[in-house]
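Commentary on secondary and tertiary structure
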Amino acid sequence: MWFMLMFFAGLEIDLPLFRQKIYRSLAFGVVTTSLPLLLGTLVAFWLGYELLPAIVVGSLLASHTILGSTIIARLGATSLEPVVVTIGATMVSDTLSLLVFAVCVPLYASGFSVSGIAIQVIEIVVFIPLVLLGLGRAGAWLLRRVENEEETYFVLMFGILAVTALLAQLINLPGIVGTFLAGLAVNASIKDKPAKGKLEFMGNTVFLPIFFIVTGFLIDPMALIASISEDFFLAAGIIVALLIGKWIAAESCGRAFGYPAAARRTVWSLTLPQVAAKLAATLVAYKTFNAAGQALLDSRMLNAVLIMVLVTAILGPILTQYYAPRMLGEVAKEPVGSR
(Lines give C-alpha, C1' and ligand atoms only; values in the text may rest on other atoms or scores of the structure.)
Protein backbone atom coordinates (compact mmCIF):
# COMPACT_ATOMS: atom_id res chain seq x y z
CA MET A 1 0.00 0.00 0.00
CA TRP A 2 2.81 2.40 0.75
CA PHE A 3 4.09 1.68 -2.80
CA MET A 4 0.86 3.25 -4.06
CA LEU A 5 1.22 6.24 -1.75
CA MET A 6 4.72 6.99 -2.99
CA PHE A 7 3.57 6.58 -6.61
CA PHE A 8 0.81 9.14 -5.93
CA ALA A 9 3.38 11.45 -4.30
CA GLY A 10 5.39 11.45 -7.54
CA LEU A 11 2.27 12.07 -9.62
CA GLU A 12 1.13 15.03 -7.52
CA ILE A 13 4.30 17.11 -7.98
CA ASP A 14 3.60 19.98 -10.39
CA LEU A 15 6.52 19.82 -12.81
CA PRO A 16 5.64 23.01 -14.80
CA LEU A 17 5.64 25.03 -11.57
CA PHE A 18 8.98 23.49 -10.64
CA ARG A 19 10.50 24.54 -13.99
CA GLN A 20 9.35 28.15 -13.61
CA LYS A 21 11.70 28.86 -10.70
CA ILE A 22 14.02 25.89 -11.01
CA TYR A 23 17.20 27.44 -9.58
CA ARG A 24 15.52 28.94 -6.53
CA SER A 25 13.56 25.72 -6.07
CA LEU A 26 16.76 23.68 -6.23
CA ALA A 27 18.54 25.97 -3.76
CA PHE A 28 15.67 26.00 -1.27
CA GLY A 29 15.10 22.26 -1.75
CA VAL A 30 18.71 21.48 -0.82
CA VAL A 31 18.67 23.78 2.22
CA THR A 32 15.27 22.65 3.54
CA THR A 33 16.45 19.04 3.17
CA SER A 34 19.95 19.29 4.61
CA LEU A 35 19.22 21.34 7.76
CA PRO A 36 16.43 19.12 9.20
CA LEU A 37 18.43 16.05 8.14
CA LEU A 38 21.46 17.28 10.05
CA LEU A 39 19.52 18.38 13.13
CA GLY A 40 17.41 15.20 13.18
CA THR A 41 20.54 13.06 12.91
CA LEU A 42 22.23 14.92 15.75
CA VAL A 43 19.16 14.67 18.00
CA ALA A 44 18.69 10.93 17.38
CA PHE A 45 22.43 10.29 17.88
CA TRP A 46 22.40 12.33 21.10
CA LEU A 47 19.41 10.32 22.35
CA GLY A 48 21.30 7.04 21.97
CA TYR A 49 20.66 5.80 18.44
CA GLU A 50 23.54 4.50 16.32
CA LEU A 51 24.76 6.47 13.31
CA LEU A 52 22.76 4.77 10.51
CA PRO A 53 19.43 4.78 12.40
CA ALA A 54 20.12 8.41 13.36
CA ILE A 55 20.70 9.38 9.71
CA VAL A 56 17.46 7.59 8.76
CA VAL A 57 15.63 9.65 11.40
CA GLY A 58 17.18 12.77 9.88
CA SER A 59 16.03 11.73 6.41
CA LEU A 60 12.48 11.31 7.73
CA LEU A 61 12.53 14.96 8.86
CA ALA A 62 14.06 16.23 5.63
CA SER A 63 11.10 16.08 3.23
CA HIS A 64 7.57 17.42 3.65
CA THR A 65 3.99 17.24 2.39
CA ILE A 66 2.26 20.48 1.41
CA LEU A 67 -1.00 19.97 3.30
CA GLY A 68 -1.66 23.71 3.12
CA SER A 69 -1.97 23.60 -0.69
CA THR A 70 -5.78 23.63 -0.49
CA ILE A 71 -5.64 26.78 1.65
CA ILE A 72 -3.26 28.41 -0.84
CA ALA A 73 -5.50 27.43 -3.76
CA ARG A 74 -8.61 28.81 -2.03
CA LEU A 75 -6.82 32.13 -1.49
CA GLY A 76 -5.71 32.25 -5.13
CA ALA A 77 -2.02 32.38 -4.19
CA THR A 78 -0.70 29.38 -6.13
CA SER A 79 1.03 31.57 -8.74
CA LEU A 80 2.99 33.67 -6.22
CA GLU A 81 6.73 33.07 -6.38
CA PRO A 82 7.21 31.90 -2.74
CA VAL A 83 4.53 29.24 -3.27
CA VAL A 84 5.93 28.17 -6.67
CA VAL A 85 9.44 27.87 -5.20
CA THR A 86 8.14 25.88 -2.23
CA ILE A 87 6.24 23.47 -4.45
CA GLY A 88 9.33 22.97 -6.62
CA ALA A 89 11.50 22.47 -3.55
CA THR A 90 9.12 19.71 -2.44
CA MET A 91 10.21 17.62 -5.42
CA VAL A 92 13.88 18.19 -4.58
CA SER A 93 13.36 17.50 -0.89
CA ASP A 94 11.34 14.31 -1.40
CA THR A 95 13.89 12.95 -3.87
CA LEU A 96 16.99 13.77 -1.81
CA SER A 97 15.55 12.46 1.46
CA LEU A 98 14.49 9.22 -0.21
CA LEU A 99 17.95 8.78 -1.73
CA VAL A 100 19.56 9.15 1.71
CA PHE A 101 17.02 6.67 3.05
CA ALA A 102 17.69 4.33 0.11
CA VAL A 103 21.41 4.23 0.83
CA CYS A 104 21.01 3.68 4.60
CA VAL A 105 18.51 0.80 4.47
CA PRO A 106 20.65 -1.75 2.53
CA LEU A 107 23.77 -0.68 4.44
CA TYR A 108 22.05 -1.49 7.71
CA ALA A 109 20.67 -4.79 6.44
CA SER A 110 23.87 -6.11 4.81
CA GLY A 111 26.59 -4.30 6.76
CA PHE A 112 29.16 -1.62 5.94
CA SER A 113 31.78 -2.09 3.26
CA VAL A 114 33.54 0.32 0.92
CA SER A 115 32.89 -1.88 -2.11
CA GLY A 116 29.27 -2.31 -1.07
CA ILE A 117 28.77 1.45 -0.84
CA ALA A 118 30.49 1.97 -4.22
CA ILE A 119 28.30 -0.63 -5.90
CA GLN A 120 25.17 0.80 -4.27
CA VAL A 121 26.02 4.33 -5.44
CA ILE A 122 26.70 3.13 -9.00
CA GLU A 123 23.41 1.23 -9.03
CA ILE A 124 21.52 4.32 -7.84
CA VAL A 125 23.26 6.54 -10.42
CA VAL A 126 22.20 4.14 -13.18
CA PHE A 127 18.74 3.42 -11.79
CA ILE A 128 17.50 7.02 -11.43
CA PRO A 129 18.01 8.15 -15.06
CA LEU A 130 16.87 4.73 -16.27
CA VAL A 131 13.51 5.25 -14.57
CA LEU A 132 13.12 9.00 -15.08
CA LEU A 133 14.28 9.10 -18.72
CA GLY A 134 13.88 5.59 -20.10
CA LEU A 135 10.67 4.71 -18.33
CA GLY A 136 9.37 8.25 -18.73
CA ARG A 137 9.61 8.11 -22.51
CA ALA A 138 8.56 4.48 -22.88
CA GLY A 139 5.70 4.93 -20.43
CA ALA A 140 4.53 8.11 -22.16
CA TRP A 141 4.51 6.33 -25.53
CA LEU A 142 2.58 3.34 -24.19
CA LEU A 143 0.09 5.48 -22.25
CA ARG A 144 -0.64 7.60 -25.32
CA ARG A 145 -1.49 4.47 -27.30
CA VAL A 146 -4.08 3.32 -24.75
CA GLU A 147 -5.36 6.65 -23.39
CA ASN A 148 -8.83 5.94 -24.81
CA GLU A 149 -8.97 2.49 -23.20
CA GLU A 150 -9.43 3.28 -19.53
CA GLU A 151 -9.10 -0.25 -18.17
CA THR A 152 -5.89 -0.84 -20.11
CA TYR A 153 -4.60 2.57 -19.00
CA PHE A 154 -5.07 1.65 -15.34
CA VAL A 155 -3.46 -1.76 -15.77
CA LEU A 156 -0.48 -0.20 -17.53
CA MET A 157 0.06 2.35 -14.74
CA PHE A 158 -0.08 -0.38 -12.11
CA GLY A 159 2.35 -2.41 -14.23
CA ILE A 160 4.81 0.52 -14.33
CA LEU A 161 4.49 0.82 -10.54
CA ALA A 162 5.15 -2.90 -10.02
CA VAL A 163 8.14 -3.03 -12.39
CA THR A 164 9.90 -0.04 -10.80
CA ALA A 165 9.32 -1.39 -7.30
CA LEU A 166 10.77 -4.76 -8.36
CA LEU A 167 13.79 -3.16 -10.07
CA ALA A 168 14.48 -1.07 -6.96
CA GLN A 169 14.37 -4.15 -4.75
CA LEU A 170 16.71 -6.03 -7.11
CA ILE A 171 19.44 -3.46 -6.38
CA ASN A 172 18.65 -3.44 -2.66
CA LEU A 173 16.70 -0.18 -2.69
CA PRO A 174 13.36 0.15 -0.88
CA GLY A 175 10.52 -0.38 -3.35
CA ILE A 176 9.01 2.96 -2.35
CA VAL A 177 11.99 4.74 -3.96
CA GLY A 178 11.24 3.06 -7.29
CA THR A 179 7.53 3.84 -7.17
CA PHE A 180 8.17 7.50 -6.28
CA LEU A 181 10.50 7.85 -9.28
CA ALA A 182 7.92 6.06 -11.43
CA GLY A 183 5.34 8.65 -10.41
CA LEU A 184 7.74 11.42 -11.43
CA ALA A 185 8.53 9.64 -14.73
CA VAL A 186 4.91 9.43 -15.92
CA ASN A 187 3.83 12.66 -14.21
CA ALA A 188 3.74 14.79 -17.37
CA SER A 189 2.26 11.98 -19.48
CA ILE A 190 -0.94 11.63 -17.47
CA LYS A 191 -1.39 15.30 -16.57
CA ASP A 192 -5.03 16.39 -17.11
CA LYS A 193 -6.03 12.88 -18.19
CA PRO A 194 -9.33 11.55 -16.76
CA ALA A 195 -7.56 8.43 -15.51
CA LYS A 196 -5.35 10.52 -13.21
CA GLY A 197 -8.37 11.97 -11.44
CA LYS A 198 -9.85 8.52 -10.97
CA LEU A 199 -6.54 7.12 -9.79
CA GLU A 200 -6.22 9.92 -7.23
CA PHE A 201 -9.81 9.29 -6.14
CA MET A 202 -8.99 5.61 -5.65
CA GLY A 203 -5.87 6.50 -3.69
CA ASN A 204 -7.63 9.02 -1.44
CA THR A 205 -10.72 6.90 -0.80
CA VAL A 206 -9.25 3.39 -0.73
CA PHE A 207 -5.50 3.15 -0.32
CA LEU A 208 -4.90 6.08 2.03
CA PRO A 209 -7.58 5.04 4.58
CA ILE A 210 -6.44 1.40 4.41
CA PHE A 211 -2.85 2.53 4.91
CA PHE A 212 -3.72 4.41 8.07
CA ILE A 213 -5.82 1.48 9.32
CA VAL A 214 -2.91 -0.93 8.80
CA THR A 215 -0.59 1.58 10.46
CA GLY A 216 -3.00 1.73 13.39
CA PHE A 217 -2.73 -2.04 13.79
CA LEU A 218 1.05 -1.69 14.09
CA ILE A 219 0.80 0.92 16.84
CA ASP A 220 0.43 -0.22 20.43
CA PRO A 221 -1.84 2.42 22.08
CA MET A 222 -0.32 1.79 25.49
CA ALA A 223 3.17 2.09 24.06
CA LEU A 224 2.14 5.32 22.32
CA ILE A 225 0.84 6.77 25.59
CA ALA A 226 3.98 5.55 27.35
CA SER A 227 6.17 7.14 24.67
CA ILE A 228 4.52 10.51 25.30
CA SER A 229 5.28 10.28 29.00
CA GLU A 230 8.43 8.15 29.20
CA ASP A 231 10.02 9.14 25.87
CA PHE A 232 8.89 12.73 25.87
CA PHE A 233 12.35 14.00 24.95
CA LEU A 234 12.50 11.62 21.97
CA ALA A 235 9.25 12.85 20.41
CA ALA A 236 9.87 16.46 21.44
CA GLY A 237 13.45 16.34 20.17
CA ILE A 238 12.60 15.30 16.62
CA ILE A 239 9.67 17.75 16.48
CA VAL A 240 11.87 20.64 17.65
CA ALA A 241 14.61 19.61 15.20
CA LEU A 242 12.03 19.66 12.40
CA LEU A 243 10.57 23.04 13.39
CA ILE A 244 13.97 24.71 13.78
CA GLY A 245 15.49 23.15 10.64
CA LYS A 246 12.57 24.11 8.41
CA TRP A 247 12.38 27.60 9.96
CA ILE A 248 16.07 28.35 9.38
CA ALA A 249 15.78 27.09 5.80
CA ALA A 250 12.69 29.20 5.03
CA GLU A 251 14.07 32.28 6.79
CA SER A 252 17.54 32.19 5.23
CA CYS A 253 16.41 31.40 1.68
CA GLY A 254 13.44 33.77 1.95
CA ARG A 255 15.72 36.65 2.93
CA ALA A 256 18.15 35.75 0.13
CA PHE A 257 15.28 35.77 -2.38
CA GLY A 258 13.91 39.06 -1.04
CA TYR A 259 10.63 37.68 0.33
CA PRO A 260 8.79 39.72 3.00
CA ALA A 261 8.23 38.33 6.50
CA ALA A 262 4.76 36.86 5.96
CA ALA A 263 5.92 35.10 2.78
CA ARG A 264 8.84 33.54 4.66
CA ARG A 265 6.51 32.34 7.43
CA THR A 266 4.10 30.94 4.82
CA VAL A 267 6.92 29.00 3.19
CA TRP A 268 7.91 27.66 6.61
CA SER A 269 4.35 26.55 7.39
CA LEU A 270 4.04 24.77 4.04
CA THR A 271 7.19 22.71 4.68
CA LEU A 272 6.22 21.51 8.16
CA PRO A 273 3.64 18.71 7.64
CA GLN A 274 4.96 15.15 7.61
CA VAL A 275 2.21 12.77 6.52
CA ALA A 276 1.63 9.53 4.58
CA ALA A 277 4.95 9.22 2.74
CA LYS A 278 6.76 9.73 6.04
CA LEU A 279 4.83 6.91 7.66
CA ALA A 280 5.52 4.68 4.64
CA ALA A 281 9.28 5.19 4.93
CA THR A 282 9.15 4.74 8.73
CA LEU A 283 7.34 1.42 8.37
CA VAL A 284 9.94 0.21 5.85
CA ALA A 285 12.69 1.09 8.33
CA TYR A 286 10.70 -0.54 11.15
CA LYS A 287 10.61 -3.79 9.13
CA THR A 288 14.31 -3.68 8.14
CA PHE A 289 16.62 -5.82 10.28
CA ASN A 290 20.38 -6.29 10.46
CA ALA A 291 22.25 -9.56 10.82
CA ALA A 292 21.64 -9.51 14.59
CA GLY A 293 17.88 -9.22 14.11
CA GLN A 294 17.70 -5.61 15.31
CA ALA A 295 15.24 -3.29 13.59
CA LEU A 296 16.59 -0.20 11.86
CA LEU A 297 14.00 1.88 13.77
CA ASP A 298 12.47 0.55 16.98
CA SER A 299 8.90 0.89 18.23
CA ARG A 300 9.84 3.92 20.33
CA MET A 301 10.90 5.85 17.24
CA LEU A 302 7.87 4.57 15.31
CA ASN A 303 5.61 6.03 17.98
CA ALA A 304 7.63 9.25 18.08
CA VAL A 305 7.26 9.64 14.31
CA LEU A 306 3.51 9.06 14.63
CA ILE A 307 3.34 11.86 17.22
CA MET A 308 5.37 14.10 14.89
CA VAL A 309 3.00 13.35 12.00
CA LEU A 310 -0.01 14.23 14.15
CA VAL A 311 1.51 17.47 15.47
CA THR A 312 2.81 18.74 12.13
CA ALA A 313 -0.32 17.76 10.19
CA ILE A 314 -2.31 20.02 12.53
CA LEU A 315 0.23 22.80 13.08
CA GLY A 316 1.27 23.31 9.45
CA PRO A 317 -2.17 24.13 7.97
CA ILE A 318 -3.04 26.32 10.99
CA LEU A 319 0.09 28.40 10.41
CA THR A 320 -0.58 28.52 6.67
CA GLN A 321 -4.10 29.76 7.32
CA TYR A 322 -2.64 32.50 9.53
CA TYR A 323 0.29 33.66 7.39
CA ALA A 324 -0.91 33.15 3.79
CA PRO A 325 -3.53 35.96 3.87
CA ARG A 326 -0.86 38.27 5.30
CA MET A 327 1.45 37.28 2.45
CA LEU A 328 -1.29 38.29 -0.01
CA GLY A 329 -1.67 41.58 1.84
CA GLU A 330 2.05 42.27 1.49
CA VAL A 331 1.89 41.52 -2.25
CA ALA A 332 -1.09 43.87 -2.66
CA LYS A 333 0.93 46.71 -1.10
CA GLU A 334 3.83 46.29 -3.55
CA PRO A 335 4.02 48.52 -6.64
CA VAL A 336 2.80 46.73 -9.76
CA GLY A 337 6.22 46.86 -11.43
CA SER A 338 7.98 45.13 -8.50
CA ARG A 339 5.76 42.04 -8.31
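Residues numbered from 1 in each chain as written. Predicted model: local features only at pLDDT ≥ 70, side-chain atom pairs only at ≥ 80, totals over all residues. Heavy atoms only, no water.

Quick notes on the overall build of the protein
To be explicit about the condition: Secondary structure elements follow DSSP: runs of H or I no shorter than four residues count as helices, runs of E no shorter than two count as strands, and numbering proceeds from the N terminus. With a 1.4 Å probe rolled over the protein chains alone, any residue whose accessible area is under 20% of its type maximum counts as buried; one over 50% counts as exposed, and the rest are partly exposed. Note on contacts: a residue pair qualifies if any of its non-hydrogen atoms lie within 4.5 Å across the two residues. All accessible-area figures derive from a Shrake-Rupley calculation using a 1.4 Å probe, and residue coverage is judged against the displayed protein chains alone.
Looking only at helices and strands, one finds 15 helices and zero strands in the protein. Considering the protein as a whole, with its 339 residues, one finds that 51% of them fall into the buried category. By sequence separation, contacts in the protein at least 24 residues apart represent 84% of the contacts at least 6 residues apart. Carbon and sulfur atoms form 69% of the exposed surface of the protein, whose accessible area is close to 15,400 Å².

Let's talk about empty space enclosed by the protein
Here is the rule we go by: Any residue with an atom within 4 Å of a point lines the site, the site being either a cavity, points on a 1 Å grid over the protein atoms alone where a 1.4 Å probe fits but cannot get out, or a pocket, an open set with protein on both sides within 12 Å along at least 5 of 7 lines. Grid points are joined across faces, edges and corners, and a volume is the space filled by probe spheres set on the points. In the scheme used here, Gly and all other residues not listed as nonpolar or charged are polar, with Ala, Val, Leu, Ile, Met, Phe, Trp, Tyr, Cys and Pro taken as nonpolar and Asp, Glu, Lys and Arg as charged.
Using the criterion set out here, one finds one cavity of 30 Å³ or more in the structure. By volume, the largest cavity amounts to about 50 Å³. In this structure, the largest cavity is lined by F28, P82, V85, T86, A250, C253, G254, F257, Y259 and V267. Elements that contribute at least two residues to the lining of the largest cavity include exactly α6 (81-110) and α12 (232-256). Across the lining of the largest cavity, the residue classes tally to eight nonpolar, two polar and no charged.

Focus: the pattern of salt bridges
Worth spelling out the cut-off: By definition here, a salt bridge exists when the distance from a side-chain nitrogen of Lys or Arg to a carboxyl oxygen of Asp or Glu is within 4 Å.
Counted by the stated rule, this structure contains four salt bridges. For R255, the salt bridge is made with E251, and the minimal N-O distance between the two is 3.0 Å. With R255 and E251 both in helix α12 and four residues apart, the pair spans about one turn of that helix. Between E251 and R264 there is a salt bridge, and its shortest N-O distance comes to 3.0 Å. Of this pair, E251 sits in helix α12 while R264 sits in helix α13 (residues 261-270), and the two are 13 residues apart along the sequence. Residue E251 is classed as buried on the basis of its relative accessible area, which comes to 8%. If you follow the salt bridges from partner to partner, you end up with E251, R255, R264 and R265 in one network.

Points about helix α4 (residues 51-62)
This is how the line gets drawn: An expected span of 1.5 Å times one less than the residue number is assigned to each helix.
The end-to-end C-alpha distance of α4, which contains 12 residues, comes to 16 Å, matching closely the 16 Å that a straight helix rising 1.5 Å per residue would cover. The element α4 is extensively covered by neighbouring structure, given that nine of its 12 residues are classed as buried. When α4 is considered as a whole, its buried residues turn out to be P53, A54, V56, V57, G58, S59, L60, L61 and A62.

Some remarks on the packing of helix α3 (residues 22-46) against α12
The cut-off we apply is this: Throughout, an axis means a line fitted to C-alpha atoms (over the contacting stretch in the case of helices), and angles, computed between N-to-C directions, take values from 0 to 180 degrees. Comment on the angle field: the value is read as roughly parallel under 35 degrees, roughly antiparallel over 145, roughly perpendicular from 65 to 115, and oblique elsewhere. Crossing handedness is defined as follows: a turn of the near helix away from the far one that is anticlockwise and smaller than a right angle gives a left-handed crossing, while the clockwise case is right-handed.
Close contact between α3 and α12 brings their axes to 8 Å; oriented N to C, the two are set at 155 degrees. By the criterion of interaxial angle, the relationship of α3 to α12 is roughly antiparallel. Remark: the crossing between α3 and α12 carries right-handed chirality. Of the residues in α12, those touching α3 at F28, V31, T32, L35, P36, L39, G40 and V43 are G237, I238, A241, I244, G245, K246, I248, A249, A250, S252 and C253. The residue inventory of the contact of α3 with α12, partitioned by class, reads 13 nonpolar, five polar and one charged.

Considerations on the packing of aromatic side chains
Heads up, the condition is: The aromatic pairing rule takes the rings of Phe, Tyr and Trp, using the six-membered ring of Trp, and pairs them if the centres are within 6.5 Å, calling planes under 30 degrees apart stacked, those over 60 edge-to-face and the rest tilted. As a reminder, the over-ring test applies to NZ of lysine and CZ of arginine, requiring each to be within 6 Å of the ring centre and within 35 degrees of the ring normal.
Taken as a whole and assessed by the stated rule, the structure comprises three aromatic pairs. Where F232 meets F233, the ring centres are 5.7 Å apart and the plane angle is 75 degrees; that geometry is what we call edge-to-face. Overall, the relative accessible area of 63% leaves F233 in the exposed class. Here the basic side chain of R326 rests over the ring of Y322, its NZ or CZ set 3.8 Å away from the ring centre.

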